[in-house]
Amino acid sequence: MVLKLYGSPFSTCSKRVATVLHEKQVPFELIVIDLAKHEQKSAAFREKQPFGQIPYLDDDGFIVYESRAICRYIAMKYADQGTKLIPTDLKGLAIFEQALSVEQAHFNPSAEGAISENIYKPFFGKAPDPTVFEAHLKKLDEKLDIYELILSKQKYLAGDELTLVDLFHIPFGYSLPTAGSDIMNSKPHVAAWFKALVDRPSWQAIKDNIHSTA
Amino acid sequence: MVLKLYGSGNSTCTRRVGAFLREKKIPFELVEVNLAQGEHKSPAYLEKQPFGQIPYIDDDGYILYESRAICRYLEEKFPNQGPKLIPTELKAKGLFEQAASVELNNFDPYANKAVFEKVFKPYLGLTPDQATFDKHIADLGARLDAYEVILSKQKYVAGNEYTLADLFHLPYGWLLAAGGSNILSDESRPNVVRWWKDITSRDAWVAVKDGVVKSNA
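Enquirer: Before we move on, can you summarise the overall build of chain A with the specific residues and values?
Expert: Regarding its fold elements, chain A presents nine helices and four strands. Sequence-ordered secondary structure for chain A, helices as α and strands as β, is β-α-β-α-β-β-α-α-α-α-α-α-α. Relative to a compact globule of 214 residues, whose C-alpha radius of gyration would be 17 Å, chain A shows 17 Å and is just as compact. For chain A, with 214 residues in total, the buried portion stands at 55%. Here the analysis covers contacts within chain A between residues at least 6 apart in sequence; of these, 68% occur between residues at least 24 apart. Roughly 9400 Å² of accessible area belongs to chain A as shown, and the carbon and sulfur atoms make up 54% of that amount. Here chain A contributes 24 positively and 27 negatively charged side chains, and the mean placements of these two sets differ by 1 Å.

Enquirer: So, the confidence of the model for chain B: which residues are in play, and what are the values?
Expert: Detailed reading of the predicted coordinates is not advisable wherever pLDDT falls low. For chain B, the average pLDDT comes to 96, and 100% of its residues sit at 70 or higher. Interface scoring of the predicted complex returns ipTM 0.91; its pTM is 0.94.

Enquirer: So what about empty space enclosed by the protein? Which residues, and what values?
Expert: By rolling a water-sized probe across the atoms, one finds the places where empty space is left. All told, the structure shown has two cavities of 30 Å³ or more when counted by the stated rule. Put simply, the largest cavity is a space of about 180 Å³. Taken together, 16 residues line the largest cavity, and the ones lying closest to its centre are Arg72 and Gln104 of chain A together with Arg72, Glu97 and Leu104 of chain B. When residues of the lining of the largest cavity are traced back to their parent elements, those giving at least two are helix 3 (67-77) and helix 4 (90-123) of chain A together with helix 3 (67-77) and helix 4 (90-123) of chain B.

Enquirer: Residues and numbers for the sheet that holds strand 1 (residues 3-7) of chain B, please.
Expert: Whenever strands of a sheet pair, they do so through backbone hydrogen bonds, lying parallel or antiparallel. Residue and element names in this part refer to chain B. Overall, mixed pairing links the four strands, which are arranged 2-1-3-4 in an open sheet. Looking at the sheet topology across the chains shown, the edges are occupied by strand 2 (28-32) and strand 4 (62-65). Going from strand to strand, the sheet's axes swing by 20° on average, the running direction of each strand aside. Bridge analysis of strand 1 against strand 2 gives five bridges, and the strand direction is parallel. By the bridge assignment, Leu5 is partnered in strand 2 with Leu30. Packed on one face of the sheet, helix 3 meets strand 1, strand 3 (56-59) and strand 4 and runs near 130° to strand 4.

The rules behind the values
Residues numbered from 1 in each chain as written. Chains lettered and ligands numbered in written order. Predicted model: local features only at pLDDT ≥ 70, side-chain atom pairs only at ≥ 80, totals over all residues. Heavy atoms only, no water. Helix = DSSP H or I, 4+ residues; strand = E, 2+ residues; numbered from the N terminus. Rg over C-alpha atoms; globule rule 2.2 N^0.38 Å. Buried < 20%, exposed > 50% of the residue type's maximum accessible area, 1.4 Å probe, protein only. Contact = heavy atoms within 4.5 Å. Areas by Shrake-Rupley, 256 points an atom, 1.4 Å probe, with all protein chains shown as cover. Lys, Arg positive; Asp, Glu negative; His and termini not counted. Charge placed at Lys NZ, Arg CZ, Asp CG, Glu CD. pLDDT = per-residue confidence, 0-100. 1 Å grid on protein atoms, 1.4 Å probe; cavity = no way out; pocket = protein on both sides within 12 Å on 5 of 7 lines; lining within 4 Å. Points joined across faces, edges and corners; volume = space filled by probe spheres on them. Pairing = 2+ DSSP bridges. Axes fitted to C-alpha atoms, helices over the stretch in contact; angles between N-to-C directions.

Shown next, in the form of structure tokens:
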């Protein structure tokens, strides 16, 4: 049975998974959840995803949620096809885990916070607060200074090969200009790294809209 | 060379690694980093940990930071020592990753900030705000409702075996009570209470809950 991704064609976390599905050349069907009708908060949806969030994956009856966990599962299951996205040697794997932890602890809160303030809030009819937005960007800037240091010594965040952790940054990083910040372009090594990620066919295929490929 | 854990015996993230080292009976030396004197922000320290945070490990010259990554690395390195804390079978591993991601997205943001507000701020000479703390606890409560459903069907967060995903919750979960919240003992969520009692009674957590000291394992 073809993989089913339950999510939204425009959602950041659904796109995180879709990029990886493309990198691994795994066909999938996108089942669109009606966010406007709060379908993700329905009892039926919560049977599958108890936190009432998108996306989740249905692999022939096996359900996985949390976009990064779904990506890891796909990368493990289809290790032998498409781009290699998880290192296999012990130390390479450890640096990969370190970089993954950095993405979630240092990059995501400020990037997602900034986007939430300037893009999601207006979408729901609330007024964004410029002070809050600026505070997120200030923090993100400090973290990206460290990314600049790391990326001046190696091509990608976990070493010289692309891994899942680089791809995880794309959805929120890509939306920052729309939110009003050119921060991803502000430091030379970070800018080069991010541009290379965004130029990949896997992101280009889904950046505006995710389509089923099966 | 014995593993060196650079951190502070009383810090949450150092305790996360300390609990893991105790579970796996891995000998280690705790090297105390002087936070009061800002040692973790010194150029020498930033060479090892560029984010200026504790802990990091030195495994015979090999440096790794981020407490959860440290635990994962050591689990890979010592798969046959002590309990197995990350499953190897594909689907079980998928569910483990799901639970580990839930901890980071649905537990830590609220528990971490609540603990910072009431427990760390006074320590830093700042004034805690009760309303902020209460909001973080309320937000955490909404997530614990989903935990209650999950834990009504299985013993631990990733399935019926204890894994790293459960362990990761310990340090901040433990300090919620110090901040004034008994949310993890709230009997309106009996399965959460059952799970929390179980994981906090493990010898490895009991050994480090009040502070990490070196261990010859």
